[in-house]
Amino acid sequence: MKQKRKLSTVEHILDGNITCFVRLEGSFSQDQLRSALSRVQRKHPALRTLIREEPDGLYYEADSAPEIPLRIVPRVTEDDYRRECQAELTTAFAYNQPQLRAVWLQSELESDLIFTTSHRICDGMSMLTIVREILRSLHSGEELIPYEPITPRDMIGDYQPPQLWKRKLTAGLMNALLRMIPTSRHTPENKEYFLQWDLDQALSDALKQRCKTEGISVHSALVVALDRVLFTVLNKKSPKWIDCPIDARRGRRGHLAALKSDMLFFGGGSLKIRTGLAPEKQFWARAKMMSEEMRKQAKQELLDIPGRYHFYEMLHPLSSGQMQSIVRLGDTLKPNGSWNRITLSNLGNIVVCDSDAPFRLKDLRLYVHSFNTRVLALGTYAFNGQIRFYYVGDEKCLSHTQADKLKSEFTALLQHQVLHADNTTHELRPQPVRNHKVGWTKIVDLWQF
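Cut-off values and rules
- Residues numbered from 1 in each chain as written.
- Predicted model: local features only at pLDDT ≥ 70, side-chain atom pairs only at ≥ 80, totals over all residues.
- Heavy atoms only, no water.
- Helix = DSSP H or I, 4+ residues; strand = E, 2+ residues; numbered from the N terminus.
- Buried < 20%, exposed > 50% of the residue type's maximum accessible area, 1.4 Å probe, protein only.
- Pairing = 2+ DSSP bridges.
- Axes fitted to C-alpha atoms, helices over the stretch in contact; angles between N-to-C directions.
- Contact = heavy atoms within 4.5 Å.

Novice: What exactly am I supposed to notice about unusual backbone geometry here?
Specialist: Glycine aside, negative phi is the norm for most residues, and most peptide bonds take the trans geometry. The phi dihedral of N235 is positive, around 55°, even though this residue is not glycine. The residue N235 is located in the loop between α8 (218-234) and β9 (241-246) in this model. Residue A278 is not a glycine yet carries a positive backbone phi of 50°. Within the secondary structure layout, A278 lies in the loop between β10 (269-274) and α9 (283-312).

Shown next as structure tokens:
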């Protein structure tokens, strides 16, 4: 009998897709690509799992999935990937298919690979793990080591609430309220607007060097910049919170020992940063305060994750129709659709291709789509030394004009604070970037908290 478990409350909410586009210069065969997909699927339990719909909800059924589907399409123009990415991003996963699929846009000198996974099993860092392992397996015969499925019980561990009766009472009251949410028959019309841009090499190097000089993370400076730009663009309609996801796999914390850096995982914790605080504070002084605040929050958040998952498991999952009702109510109460928060996700320095690979990674882009909630997010990562940003927001959150203004104001603020001496507390002398290898964990720590 196949092993089954019911989807958790969190997994019901995370109904969306993550798509990663990579452009490669070089050649490989169809057999090599199928072999790579197969080896990666054998390693990760989530890629061998199907979702089954039963009368009492959705279930995972382990080791039931067929092979990862691969579509091969001729690549006629450089922009063909846009059409395929949009189609993949907005197509839900069928219950009889694995939660990963691939498209190969094939041409003589370059190839575009598009990987799409369900957000229920995979966050942004997990997607990069998938891409890294597939690209490595394209030229390496190394077999990947499988591991046991990660479930909410692994996140909870041996956690016990100090007052279980009070927690049960709270969960009971919440479940009673949740049952009162009507089921909407209207499918939400999520229309996300994507915007991507890079900082040039000089500004990227200068920003990283300035943060190093100040003794802070790049991420803390970006949080302060986003906070101030949101007020410039939206004024009093600015979101009240910046939500910064953290990776529970970082550092292999003792109470989350089941999680390892190369495992697929559907979610963790996040930092909640109040916007609009200390606007009179000089930028880098505020960034130092932010860096310290985020370190403290991250430490506490990792300690709080088991208790939060323990409580989530006591809640009855919402149906898709109930989630749609909540979204419709939110649209009514908050016409701009932001729900008072924006996500700032930092993936750090992306290295997914081995230096000895017989192909060269020319480009990498990420896209996100939600089927049942409004998305308002800004992501960032470093690719080939340059800092990149990708904005995704439903049209009900920010208009195209507002999103374009956010992009221009954000870049202008960083240029002003990094490159102009009259806004610095230290003389800035950007150092040349040396070509040396740095451990993945060390790079991520520099970028994040």
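Novice: Even after reading the chapter, I still don't get the pairing of strand β7 (residues 110-118), so can you show me in this structure?
Specialist: Sheet faces and side chains relate simply in a regular strand, where the side chains alternate between the two faces. Burial of β7 is extensive: 9 of the 9 residues sit out of reach of the surface. Of the two faces of β7, the one lined by E110, D112, I114, T116 and S118 and the one lined by S111, L113, F115 and T117 are each fully buried. In this sheet, β7 lies alongside strand β2 (residues 16-26) in antiparallel orientation, the contact comprising 9 bridges. Note that in β7 the partner of R23 across the bridge is D112. Pairing of strand β6 (residues 100-106) with β7, which is carried by 7 bridges, proceeds in the antiparallel orientation. Residue pairing in the sheet places L100 in a bridge with T117 of β7. In textbook terms, the turn of a hairpin is the stretch between consecutive antiparallel strands, and for β6 and β7 this stretch comprises 3 residues.

Novice: Help me understand the sheet that holds strand β14 (residues 386-394), please; the structure alone is not making it clear to me.
Specialist: Backbone hydrogen bonds are what pair the strands of a sheet, in a parallel or an antiparallel way. Spatial strand order, β8-β14-β13-β11-β9-β10: 6 strands in an open sheet with mixed pairing. Lying at the two open borders of the sheet, with one neighbouring strand each, are β8 (192-198) and β10. Ignoring strand direction, the axes of neighbouring strands in this sheet form an average angle of 20°. Relative to β14, β8 runs antiparallel, the two sharing 7 bridges. Bridge assignment links E192 to a residue of β14, and that residue is D394. Lying on the sheet, α9 is in contact with β9 and β10; it crosses β10 at an angle near 140°.

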